[in-house]
Each structure stands twice: as C-alpha cells, then as structure tokens.
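Summary of the model geometry
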Amino acid sequence: MTRRIPGPGRLQTLRGLFPVPFAKFPEFLSRAAERYGDVVAFALPWRSYVFLNSGELVKDVLVTQQHAFSKSLGTRVLSLLLGEGLLTSEDPLHRQMRRIVQPAFHRERVAEYGRIMERDAREFAAALVPEQPFEARAAMTQLTLRIATETLFGSDESDSARAVGEALGLMMREFPYMLTPLAGLRRRLPLPGTRRFWRARALLDEIIYGLIERRRRDGAQRGDALSLLLAARDAETGYRPSDEQIRDEIMTLFMAGHETTANALTWALLLLAKHPDVDEPTERVIKEVLRLYPPAWILGRETLREVTLVDGSVIPAKTTVFLAPLILHRNASVFAQPERFAPERWRDAAPTPFSYVPFGGGARRCIGEEFGWREMSVVLDELRRRFRFEVAGDGDVGISASVTLRPGGPVMLRAVARTGTDGDGRLVFGERLPPTAAGERAVAERDFQVKQ
C-alpha cells in the first residue's frame with residue numbers, strides 16, 4: 001500500500017531555510033524529523049525534497065533500489081572542483097574507476113601508509129607544547145595535510161598541499177551559496193568570491209598536473225596512490241585513465257583523506273577535553289565521535305523515476321532525497337540518550353543495519369574507510385598516550401555544515417602531559433613530558449612546527 005508523505009508547507013519551509021537553505025538543513029531536518037517522523041516531504045519554489053531518517057529506508061536508497069537514484073545537485077556542484085572522481089561520477093565510469101583505485105587501499109597498502117601515519121603522529125605529538133593553547137582544527141589540518149601528501153603523492157608536498165587545502169576551504173565556504181537558485185548566475189558574475197573560486201581551481205590544476213607530469217617523467221614506483229594510478233589499467237576493459245581522470249581521483253582522495261579526517265580528529269579532541277573521565281579504547285571513542293559528528297553529514301540522491309519505498313512511501317521522479325547521518329545517528333529509537341557523548345555504548349552495541357553510516361553504504365561506500373580508520377586511530381592513540389586535553393576557550397563552538405561538518409568556530413585546547421600509569425595500568429596526568437619526548441621535540445620542532 002502507498003501512503004502520502006507528511007511535511008511542512010512551502011511557506012513554512014521557506015521561512016525555515018531562508019536565505020541559504022543548505023546551511024540551515026541540520027536544524028531544519030532535525031525539527032522536521034521530530035515533528036513528522038522518519039519520512040518527511042518539503043519543497044522550495046525551485047525543488048522538491050524528501051528526507052529519510054531510518055536505517056531501513058536508508059538501505060532502500062543505498063542498496064535495494066540504488067539504480068533508481070542518481071547523484072544530487074550538491075554532488076554535481078562539487079564536480080566543479082573535484083571533476084569526475086569517485087565521489088561525483090556516475091556508472092559506468094564510477095564502477096570502472098573504483099576497480100582501478102581499489103588497489104591503492106588494499107589492506108597491505110594501508111599497512112604501509114600506517115607506518116607513515118605513525119611517524120608523522122609521533123613528530124606532531126613531540127612538537128606539541130604542553131600548557132600552551134592551540135587551535136585544534138588548524139593543528140589537525142596541518143597533520144592530515146602532511147599524511148595525505150606523503151601517502152597520495154609519495155613525498156612531503158607541504159607547500160603545495162597548503163595551497164590545495166586553502167582552495168578546498170574556499171570551496172567549503174562557497175558551497176552552500178552554489179546550491180541557491182541564482183547559483184548559475186553567481187558563477188558567471190565577476191564577484192570576489194567567484195573570482196577567488198576560479199583562481200583556486202586554476203591553482204589546484206597547476207599543482208596536481210605538475211605532480212603528474214613530474215611523476216611520469218621520473219617513472220619511479222614509490223608505492224603511493226599517485227604512482228599506482230599512473231601505472232593502472234582496468235583488467236576488465238583495458239582502460240587506462242587519462243591525466244585529467246587521475247587529477248579528478250587524486251583531488252577526490254585528497255579531500256576525503258585530509259578534510260574529513262581533520263574534522264573528525266578535531267571533534268574527538270574537543271569531546272575528550274569536555275569529558276575528561278572517559279577512559280575507553282580509541283576505537284570506541286572514534287565510533288562515538290563519528291556518530292555525533294560524522295564529517296560526511298549528509299548524502300543526497302535524485303530519483304530517476306517514481307520510487308515506492310519499502311514502507312509504501314511514494315517519491316515522485318526528479319525529487320531530491322536526503323539521508324543525513326548527523327540526524328540519523330541521533331535517532332532515540334536506536335541510540336539511548338542520543339545527544340550524550342558515551343563511547344562505552346559501543347562495548348556491546350550493534351545498531352540496526354544502516355542506522356549508523358559514517359562512511360555511507362552500498363556500492364558507493366567510501367573506498368578509503370580503512371585508511372580513515374587507521375589514520376584516526378594512529379593519531380588519537382599517540383595523542384592520548386602523551387596528553388590529556390582541556391578546553392582553553394569556548395567549548396560550545398557549534399557546527400558549520402557545508403560539504404563536510406566543521407566546527408562553527410575556533411577550537412582552542414590545551415595539552416597536559418601525562419607522566420605514566422597507575423597500578424591498574426591506566427594513564428595518570430602530570431605536568432611534564434616523559435624524558436624521552438624531550439629529545440624528540442628538538443628534532444620535531446625543526447621539521448614540523450605546530451602553528452599556534
């Protein structure tokens with residue numbers, strides 16, 4: 001049986017989302033789910049939407065009826081920066097490139113990347129000055145930039161990486177405005193933001209194509225993702241990706257491997273600083289951080305035809321469908337006290353399928369999931385082993401919802417060095433670094449300064 005989907009009226013929707021709808025989606029969708037349930041329909045003058053907020057329905061979209069959906073407008077806008085990489089491309093290109101990129105993330109390869117992560121995390125931690133306030137997101141961004149360039153490009157391209165990171169940051173700021181009805185006109189007008197965006201895009205192309213050209217010239221096999229892509233050939237079709245396609249994949253992997261991980265680690269440090277009594281393994285801490293603050297906080301699809309969901313809800317063709325892990329993960333019917341940071345819930349937790357999807361699901365599940373888990377675990381393990389963290393500013397920073405879920409303001413923290421363990425093997429706190437760290441810091445401060 002079919003059923004009509006409830007939701008707010010057009011005027012109510014317009015009031016709730018004006019003037020930049022995407023930036024206001026977190027609060028709007030959360031309130032809509034509370035009032036109307038797990039399936040909500042709403043519309044703006046230029047587009048109709050359906051929001052789904054249960055694991056059963058998320059599975060229906062991402063797996064059971066995945067071929068009835070295409071990527072959404074937001075993903076198409078992202079292609080202005082990322083091109084046709086794994087995040088933005090459609091089949092059959094997506095399937096073909098996934099086969100080509102997959103070897104860069106095989107378990108053995110990720111283990112090699114893990115050694116780079118461990119070294120960089122140690123040097124970062126050794127350079128962190130106890131008791132001195134630092135801005136956590138800037139620090140995590142610097143660290144993940146270094147890891148990303150060394151694993152993707154096979155060398156520390158920090159100067160180039162900073163330019164890439166700044167261009168990505170500009171894209172994050174511009175993204176919500178690019179989804180408004182006047183976005184097409186905005187992109188054509190010589191506005192300051194528009195000019196900055198296209199200059200950033202040109203700079204990105206110059207950097208990435210330069211790396212590709214140099215790597216093709218030297219022909220060295222470094223074991224990094226770029227080397228693997230340059231040597232790759234699709235076993236099924238014989239296809240070899242062009243330089244343009246390699247550029248698109250590298251840009252996509254760079255954003256996913258740097259931006260999202262930096263955000264997740266920032267949220268983790270902030271939450272640990274605000275909950276100093278938490279004494280759970282890092283894996284559970286990360287799971288809980290990704291539950292409360294999933295970097296990929298919203299997923300969009302567009303119906304290619306009329307779709308009837310498993311619960312009988314009918315979605316017309318050309319409707320944008322939203323799945324929002326940020327809200328899905330706070331569903332009280334699945335997670336008790338959903339707003340509470342409680343890593344201990346993962347001791348025995350087994351949430352219903354597709355009610356916890358920090359890396360997406362189905363055929364388009366994030367290809368770098370194991371890479372992301374390894375990086376977050378390595379960095380957080382090293383930092384927790386050496387330090388506990390305290391809030392040094394306003395801990396209630398809020399959120400900034402763009403392509404990824406960033407903190408809404410500076411995250412000022414202070415590191416307090418640990419000195420050892422007590423009789424039960426738990427870390428205890430102290431005022432000075434262990435003696436071995438003092439020598440490490442002299443080298444690390446020279447090679448890897450933490451920006452304050």
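Now for a description of the structure that goes with this document. Model, not experiment: these values are computed from the prediction.

1. Some points on the packing of aromatic side chains
Within the structure shown, the criterion is met by 17 aromatic pairs. Ring centres of Phe25 and Phe42 lie 6.2 Å apart, and the angle between their planes is 65 degrees; this geometry places the pair in the edge-to-face category. One end of the pair, Phe25, is in helix α2 (residues 21-36); the other, Phe42, is in strand β1 (residues 39-44), with 17 residues separating them in the sequence. Residue class for Phe42 comes out buried when judged on its relative accessible area of 2%. One aromatic cluster is present, formed by Phe22, Phe25, Phe28, Phe42, Tyr49, Trp297 and Phe322 through successive ring pairs.

2. Quick look at the sheet that holds strand β2 (residues 47-52)
Across the sheet, which stays open at both edges, the five strands sit in the order β1-β2-β8-β5-β3 with mixed pairing between neighbours. Edge positions in the open sheet fall to β1 and β3 (69-71), since each of these has one partner strand only. Averaged over all adjacent pairs, the angle separating strand axes in this sheet is 30 degrees, with direction ignored. Along the sheet, helix α3 (residues 55-64) contacts β1, β2, β3, β5 (299-303) and β8 (320-323); its crossing angle with β8, the most-contacted strand, is approximately 125 degrees.

3. Concerning the pairing of β5
Counting buried residues along β5, five of its five residues qualify, which places the element largely inside the surrounding structure. Residues of β5 alternate between two faces, with Leu299, Arg301 and Thr303 on one and Gly300 and Glu302 on the opposite face, all of them buried. Pairing of β3 with β5 involves three bridges; the strand directions are antiparallel. Its bridge partner being in β5, Ser70 is matched across the sheet by Glu302. Two strands pair when backbone bridges link them, and β5 and β8 are joined in this way by four bridges, in the antiparallel orientation. Bridged to Arg301 within β8 is Val321.

4. So, the nonpolar core
Residues Leu29, Phe42, Phe51, Met140, Leu383 and Phe389 are the most contacted members of the largest nonpolar core, which totals 111 residues. Counting residues per element, this core draws most heavily on helix α12 (residues 243-274), which supplies 16 residues. Within the second largest apolar cluster, 18 residues are counted, among which are Val39, Leu62, Leu299 and Ile315.

5. Some thoughts on the side chain of Arg301
Relative to the helices and strands, Arg301 is located in strand β5. The side chain of Arg301 sits in the buried core without any salt bridge; Glu90 is the nearest counter-charge, 7.3 Å away. Beyond its immediate chain neighbours, meaning those up to four positions away, Arg301 contacts Val61, Leu62, Phe69, Ser70, Lys71, Ser72, Thr319, Thr320, Val321 and Arg364.

6. Some words on helix α15 (residues 369-386)
Its 18 residues place the ends of α15 26 Å apart at the C-alpha level, agreeing with the 26 Å of an ideal helix rising 1.5 Å per residue. Among the 18 residues in α15, 13 count as buried, and that is most of the element.

7. Digging into empty space enclosed by the protein
Empty space among the atoms can be located by rolling a probe the size of a water molecule over them. The full count for this structure, using the stated rule, is four cavities of 30 Å³ or more. Counted as a void, the second largest cavity has a volume near 40 Å³. Taken together, Ala264, Leu265, Ala268, Ile286, Val289, Leu290, Met376 and Leu380 make up the lining of the second largest cavity. The set of elements that each furnish at least two residues to the lining of the second largest cavity consists of α12, α13 (282-292) and α15. By residue class, the composition of the lining of the second largest cavity is eight nonpolar, no polar and no charged.

8. Comments concerning the pairing of β2
Of the pairings in the sheet, the one linking β1 to β2 comprises six bridges and is antiparallel in character. Residue Ala43 lies in a different strand from β2, and its bridge partner there is Ser48. Between β1 and β2, which pair antiparallel one after the other, the connecting turn spans two residues. The pairing of β2 with β8 spans four bridges and is parallel. Paired with Phe51 across the strands is Phe322, a residue of β8.

How each quantity is defined
Residues numbered from 1 in each chain as written. Predicted model: local features only at pLDDT ≥ 70, side-chain atom pairs only at ≥ 80, totals over all residues. Heavy atoms only, no water. Phe/Tyr/Trp six-rings, centres within 6.5 Å; stacked < 30°, edge-to-face > 60°. Helix = DSSP H or I, 4+ residues; strand = E, 2+ residues; numbered from the N terminus. Buried < 20%, exposed > 50% of the residue type's maximum accessible area, 1.4 Å probe, protein only. Pairing = 2+ DSSP bridges. Axes fitted to C-alpha atoms, helices over the stretch in contact; angles between N-to-C directions. Contact = heavy atoms within 4.5 Å. Core = buried A, V, L, I, M, F, W, Y, C linked by side-chain atoms within 4.5 Å. Lys, Arg positive; Asp, Glu negative; His and termini not counted. Salt bridge = Lys/Arg side-chain N within 4 Å of Asp/Glu carboxyl O. Expected span 1.5 Å × (residues − 1). 1 Å grid on protein atoms, 1.4 Å probe; cavity = no way out; pocket = protein on both sides within 12 Å on 5 of 7 lines; lining within 4 Å. Points joined across faces, edges and corners; volume = space filled by probe spheres on them. Nonpolar A, V, L, I, M, F, W, Y, C, P; charged D, E, K, R; others polar.

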